[in-house]
Amino acid sequence: MKRSFIFALFFAFAALSMVAETHYKPRISIGGRAGATMAKMSFTPAVKQTWTPGTTGAISFRYSEEKLFGLIAEIGWVQRGWKEDFEQLPLNYSRSLTYVNLPILTHIYFGSRRFKAFINLGPQLSYLIGESKSSNFDYNNPTSNPDFPTRNRMTEQLSADIANKVDYGICASAGGEFFIQPRQSILLEARFYFGLGNIFHATKADTFSASRSLSLEFTLGYNFRIK
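Residues numbered from 1 in each chain as written. Predicted model: local features only at pLDDT ≥ 70, side-chain atom pairs only at ≥ 80, totals over all residues. Heavy atoms only, no water.

## Description of the overall build of the protein
- Within the protein, the secondary structure is distributed over two helices and nine strands.
- Element order for the protein, N to C, with α for helix and β for strand: α-β-β-β-β-β-β-α-β-β-β.
- Buried positions account for 44% of the 227 residues belonging to the protein.
- Residue pairs at least 24 apart in sequence account for 71% of intrachain contacts in the protein once pairs closer than 6 positions are excluded. (Helix = DSSP H or I, 4+ residues; strand = E, 2+ residues; numbered from the N terminus. Buried < 20%, exposed > 50% of the residue type's maximum accessible area, 1.4 Å probe, protein only. Contact = heavy atoms within 4.5 Å.)

Given below as structure tokens:
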């Protein structure tokens, strides 16, 4: 997994070098985006769960060339986490994890002067700045609830402390950019994040061998070209 992150990081910086070596007129834009997330975790052993909603937003810096290619750096926040799936039982538990994140993305685009489609890909580094739990039962002692399903059910994740505040992974996105003026544009983007780091300890002695974040982001953005 670390190799995948290193490869994505190498790919992003290689893309930056390629941009620097071209002779097209550069374009520099700043902007922002905000929207909603849907998140869950990849646990091993598996945990029954569903997607949980959250929010995301970022300030972005984009360096692009006239011909198809560019680079994006962002700083922002994103909410990840998970929601336990108790099926028809009157129980609920969700955990929200809020991160400051820094993605560096290769930006590939194509289209006309008024509309361009784009694909972004690259590594992302995140740091946990807050978390919250929501539950209608005692998650420190879940089996004390007579309705709690104890058979084939993992419970350690309900109360376990986050062991690793730093998260890293790979994100990929696709979307469209609509130019309302030559220097101003509106962007619609769908982004997928695949975490490579574990939020819990993952040694042989620990419960989970994997506890990685997954998230979908749907955002609306605005860009202003300053050069």
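That covers the picture; the talk isn't over yet.
## Some words on unusual backbone geometry
- Cis geometry is adopted by the peptide bond preceding Pro 45, which originates at Thr 44 and carries an omega value of 5°.
- Among the secondary structure elements, Pro 45 is positioned in the loop between strand E1 (27-44) and strand E2 (49-50).
- A positive phi is found at Glu 87, a non-glycine position, where the angle reads about 55°.
- Note that Glu 87 resides in the loop between strand E4 (69-84) and strand E5 (93-111).
- Judged by its relative accessible area of 60%, Glu 87 is exposed.
- At Asn 152, a position not held by glycine, the phi torsion is positive, near 50°.
- Mapped onto the secondary structure, Asn 152 falls in the loop between strand E6 (115-135) and helix H2 (156-159).
- Assessed through its relative accessible area of 71%, Asn 152 is described here as exposed.

## What about the packing of aromatic side chains?
- On inspection of all chains with the given rule, the structure shows eleven aromatic pairs.
- Lying over the aromatic face of Tyr 193, Arg 80 brings its terminal NZ or CZ to 3.9 Å of the ring centre. (Phe/Tyr/Trp six-rings, centres within 6.5 Å; stacked < 30°, edge-to-face > 60°. Lys NZ or Arg CZ within 6 Å of the ring centre and 35° of its normal.)

## Observations concerning empty space enclosed by the protein
- This model, assessed by the stated rule, comprises one cavity of 30 Å³ or more.
- Estimates place the volume of the largest cavity at around 150 Å³.
- If you go around the largest cavity, you meet 18 residues; those closest to its centre are Arg 33, Ser 60, Glu 74, Leu 187 and Glu 189.
- In terms of residues, the lining of the largest cavity owes the most to one element, strand E9 (residues 210-225), which gives five residues.
- By residue class, the composition of the lining of the largest cavity is six nonpolar, seven polar and five charged. (1 Å grid on protein atoms, 1.4 Å probe; cavity = no way out; pocket = protein on both sides within 12 Å on 5 of 7 lines; lining within 4 Å. Points joined across faces, edges and corners; volume = space filled by probe spheres on them. Nonpolar A, V, L, I, M, F, W, Y, C, P; charged D, E, K, R; others polar.)

## A look at the pattern of salt bridges
- In this structure the tally under the stated criterion is eight salt bridges.
- As a salt-bridge pair, Arg 153 and Glu 84 come within 3.0 Å of each other at their nearest N and O atoms. Note that Arg 153 is positioned in the loop between E6 and H2 and Glu 84 in strand E4, a separation of 69 residues in sequence. The pair formed by Arg 153 and Glu 84 is uniform in burial state, with each residue classed as buried.
- In this structure, the salt-bridge partner of Glu 189 is Arg 191, at a minimum N-O distance of 2.8 Å. You'll find Glu 189 and Arg 191 in the same group, each marked buried.
- Residues joined by salt bridges that share partners form a network here, namely Arg 33, Glu 74, Glu 189, Arg 191 and Glu 217. (Salt bridge = Lys/Arg side-chain N within 4 Å of Asp/Glu carboxyl O.)

## Comments concerning the side chain of Arg 212
- Note that Arg 212 resides in strand E9.
- Separated by 3.5 Å, the side chain of Arg 212 and the backbone oxygen of Leu 196 make a polar contact. (Polar contact = N/O pair within 3.5 Å; in protein donor to acceptor, adjacent residues only side chain to side chain.)

## What about a positive patch on the surface?
- Together, Lys 25, Arg 27, Arg 113, Arg 183 and Lys 227 make up a positively charged patch on the protein surface.
- By the secondary structure assignment, Arg 27 is in strand E1. (Patch = residues over 30% accessible without salt bridge, like charges linked within 9 Å, V, L, I, M, F, W, Y side chains within 5 Å. Areas by Shrake-Rupley, 256 points an atom, 1.4 Å probe, with all protein chains shown as cover. Lys, Arg positive; Asp, Glu negative; His and termini not counted. Charge placed at Lys NZ, Arg CZ, Asp CG, Glu CD.)

By themselves, these are just geometric observations and shouldn't be taken as functional.
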